Amino acid sequence: IINGAPSSVMNLVLYDDDRFFQPKTSLSDKEKIVSPVVSLNVSGIDSSRLAEKVNVSLHHPDCAENVTCSYECVYWDYVQESWSSDGCTTMAATSTSKTTCQCSHLTNFAILASFDPEHHAHTEALSTVSLVCGIISMIGLGLTCIIIGMFKKLRGLTAMKITFCFSASMF
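Residues numbered from 1 in each chain as written. Predicted model: local features only at pLDDT ≥ 70, side-chain atom pairs only at ≥ 80, totals over all residues. Heavy atoms only, no water.

Asker: Explain the sheet that holds strand 4 (residues 54-59) here, please?
Answerer: Whenever strands of a sheet pair, they do so through backbone hydrogen bonds, lying parallel or antiparallel. Pairing is antiparallel in the open sheet, where 3 strands are placed in the order 4-8-7. Unpaired on one side and paired on the other, strand 4 and strand 7 (88-90) mark the two borders of the sheet. Shown here is a sheet whose adjacent strand axes are inclined to one another by a mean of 25°, direction ignored. Across 6 bridges, strand 4 lies against strand 8 (residues 98-103) in antiparallel orientation. In the sheet register, S57 faces strand 8, and the bridge partner there is T100. (Pairing = 2+ DSSP bridges. Helix = DSSP H or I, 4+ residues; strand = E, 2+ residues; numbered from the N terminus. Axes fitted to C-alpha atoms, helices over the stretch in contact; angles between N-to-C directions.)

Asker: Any chance you could explain a nonpolar patch on the surface here in plain terms?
Answerer: Together, L131, I135, I139, L143, I146, I147, M150 and F151 give the surface a local cluster of nonpolar side chains, amounting to about 800 Å² of exposed area. Inspection of the secondary structure assignment puts L143 in helix 1 (residues 123-150). Residue class for L143 comes out partly exposed when judged on its relative accessible area of 45%. (Patch = residues over 30% accessible without salt bridge, like charges linked within 9 Å, V, L, I, M, F, W, Y side chains within 5 Å. Areas by Shrake-Rupley, 256 points an atom, 1.4 Å probe, with all protein chains shown as cover. Salt bridge = Lys/Arg side-chain N within 4 Å of Asp/Glu carboxyl O. Buried < 20%, exposed > 50% of the residue type's maximum accessible area, 1.4 Å probe, protein only.)

Asker: I tried to follow the pairing of strand 8 on my own but got confused; where do I start?
Answerer: Each regular strand displays side chains that alternate between the two surfaces of the sheet. Where strand 7 lies against strand 8, 3 bridges are found, and the strand directions are antiparallel. The residue bridging T89 from the neighbouring strand is Q102, located in strand 8.

Asker: Teacher, can you tell me more about the state of the cysteines here?
Answerer: In protein structure, a disulfide is the covalent linkage between the sulfur atoms of two cysteines. Under the criterion given, the structure shown has 2 disulfides. Sulfur-sulfur distance for the disulfide between C73 and C101 comes to 2.1 Å. Linking C73 and C101, the disulfide has an S-S dihedral of approximately -90° and is accordingly described as left-handed. In this pair, C73 is assigned in strand 5 (residues 67-77) and C101 in strand 8, connecting sequence segments 28 residues apart. (Disulfide = S-S within 2.5 Å.)

Okay, here's the thing in structure tokens:
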């Protein structure tokens, strides 16, 4: 018996992914639904305002290395046709691959992950080294094309024709 309704039926539907829940405006490149979507409904009660909050635990994959993830409990808002966190609280994760949501309503629940690649201390130095090496490579390819083009003897050799075409295509 739930809230005095003796013939209440609880419906639970588990969707493997969010393909049936595509928002009007796309999620950003740094956001993604990472858990299955769990749909909860109880007949005979107003599931939009529950007297007691409901806990829903959802499993999701761990973050990749060098990426910081934050997880948020969301539900599908049929009016806005988007994911929303109103009425849901993200509880402390019991593990890195499980998050518990506490919500004041029943609907379709999922975990939204926000990704933020970590910036390493050497990122700027590595970018500079890559740029310098790229410039040196371009100069070398240009010189190869010029030298092969300047000497008639070199232009006649099949190996030099191949080298010239290869260098010119990379330049």
